[in-house]
Each structure stands twice: as structure tokens, then as C-alpha cells.
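# Summary of the model geometry
Spelled out from the first residue to the last, the chains are:
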Amino acid sequence: MTNTGPTTNVKRGPLSVLFPGNVIDFTTLRGNHDNLDPYSGFSVCSYTGDNPMHYDGCIAQLASTLGVNANNIIQPRQTHGTQVLVIDENFISLDTDQRRERLDKTDALVTTCRHVAIGVNTADCVPILLYAHGKVPMVAAIHAGWRGTLAEIATKAVKIMLNTNDADCIAAYIGVSICRNCFEVGDEVANLFVQAGYSGETIFRNHDTGKAHIDLQEINRRQLANCGIHIENIFTDNCCSRHDTSGNYFSARRMGVNSGRTFTGIMLL
Ligand SMILES: [Zn+2]
């Protein structure tokens, strides 16, 4: 592996471009697939009903691309909660069952371990990656659907970084996810956000359909900024998982929840 980062079945993110040799951030690409099979194509997600032979093969391929052991690719078993798990050397030494127990009901990971790729699986929800390049280099991967966004899971992960790093040395990537125009929600969901104080551009109504919409990417961006991360250090991917036509991204709104996932990850070098 070279410091230019992986090129097969993944696209590199802005953090590896800004900090070459220090960190790799990436988004998996579905690649060749059968449109009739929602799990086909590249997907490492182990808990949404895919065949273990398939996702294990994809994990092995991703490990090879990243130049790490497959055991060093860590994915939480996400449940739209707010639990953040710190991955340390002790975690790495655990066996499969012990790891699975720790990763259950976890929606964000933080680590200072090098050559350990942490990531989250999404199909429209917002993946967020953080890289703190201060006293204690640290990375985080966060899954923020509407529930996680409302509960400010990103803020929770940033606070762990702020224990040992200043906010001005944190850079963030808000990855491929559903755009504001595609993210139509019921009034009951929109009302929860209004009650939490969101309004204006982040919650709006489509005048043609009458439906409420939420801008999850922008709300997460504001939460990160409220933690002290400089706006110019927050990079938002402008690719929407729902309306993108490249075939590279899974979308639960387009394909149903019983489908593969896009894995957005980060690794300290
Ligand atoms: Zn869209």
C-alpha cells in the first residue's frame, strides 16, 4: 500500500487528500452488480441480511486494498442509538464473540490505534468521519440517521476527541447520504426537530407535495461547528445516495432496508 490510499472499490475522501501519509478516509463503491439483487455489488455490512460468504469476501477485498488484516476492519452493529465505542488495543485483542458484544447497539467508533479501519454502514443515513491531528491523533466514524442526528451523536463523538485535542485541529467529512430534497419525512418526525429548535433552511416543506423535508447533512454540519470545529474544516460530499445514478451507492429509500450498505471509513496510518 502506498500513502496515496486505496483505489479499488473505494473512493478516497478529502481527509486523505489533506493529510496524506497520516490518515486514509474512504467510501466503498458498489461497483458491478445485479439490479434485481439488493445485496449484490461491494458491501461489507454483516447485519442487514446479506450472505456471510458475500460480505466476508468483500471485507477481505477491502482489507487487501487498505493493506491491513481483515480483523482490523471494525464495523459497529448500528441501531440508530447514540452509543460511541472507543476502540483500543484491548478491544483489538478480543475474540469474535467478545467484539460482537461490545459492538452491538453502537453507532459511532473512535480510535487512536493505527492501521485499524473504523467505519459505519449506511444507505441514505449520514456517515461522518473525524480526524483530530492534535496532541493525540484520533479518528472517529459516526452513523447519523434522523434519530442519531436529533440526539446529536456527532457531538458525543467530538467531545471524546476534545478530551485530548483542540477543536481547531479537527477536520470532518460528511459522506454520501440522502440530500435535503430527497429526504421527505412525516410531520411527526419534522415536529421532533422543530421542538428541538431547528427551523428555516434545515426543516422545510415542499410546496408541490406538501411534505416536510429535513436537511440532515446541514444539521450535522452545524452540530460539528457548534463543537468548535471550523466550518472550513468540514467537507460535505455533494453526492446523494438516493438520487445518484452512478449505481455506486446503496439507498434504503430506493432499494428497501433489506439491502447492502455503503461503508464509509477512516484509518490512522
Ligand atoms: Zn437526493
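Residues numbered from 1 in each chain as written. Predicted model: local features only at pLDDT ≥ 70, side-chain atom pairs only at ≥ 80, totals over all residues. Heavy atoms only, no water.

This paragraph deals with the coordination of the zinc ion. The protein atoms that coordinate the zinc ion are Cys179 (SG), Cys182 (SG), Cys240 (SG) and His243 (ND1), at distances of 2.0 to 2.3 Å. For the zinc ion, the four donor atoms in the first shell make angles of 104 to 117° at the metal, so the coordination geometry reads as tetrahedral. Written as a sequence motif, the donor residues of the zinc ion are C-x2-C-x57-C-x2-H. Exposure class is identical for Cys179 and Cys182. Each is buried. (Donors = N, O, S within 2.8 Å, 3.2 Å for Na, K, Ca; no water. Tetrahedral: all angles 85-135°; square planar, octahedral: opposite > 155°, others 65-115°. Buried < 20%, exposed > 50% of the residue type's maximum accessible area, 1.4 Å probe, protein only.)

The alternating pattern of strand E5 (residues 108-111) places Ala108 and Val110 and Leu109 and Thr111 on opposite faces, both of which are buried. Bridge count for strand E4 (residues 84-87) against E5 is four bridges, and the pairing is parallel. Residue pairing for E5: Val84 is matched across the bridge by Ala108. In the sheet, E5 pairs with strand E8 (residues 138-144) via four bridges, with the strands oriented antiparallel. Across the sheet, residue Thr111 finds its bridge partner in E8, namely Val139. (Helix = DSSP H or I, 4+ residues; strand = E, 2+ residues; numbered from the N terminus. Pairing = 2+ DSSP bridges.)

So, about the sheet that holds strand E1 (residues 10-12). If you walk across this open sheet you meet the five strands as E1-E2-E14-E6-E3, and the pairing is mixed. The strands lining the two open edges of the sheet, one partner per strand, are E1 and strand E3 (73-74). Sheet topology places strand E2 (residues 23-28) next to strand E14 (residues 262-268); five bridges connect them, and they run antiparallel. Counterpart to Asp25 in the pairing with E14 is Ile266.

Low-confidence regions, as indicated by low pLDDT, have predicted coordinates that should not be scrutinised in detail. When pLDDT is averaged across the protein chain, the result is 95; 97% of the residues are at 70 or more. Considering only residues more than four positions removed or in separate chains, one finds that residues 1-7, a stretch of pLDDT under 50, has 16 contacts. (pLDDT = per-residue confidence, 0-100. Contact = heavy atoms within 4.5 Å.)

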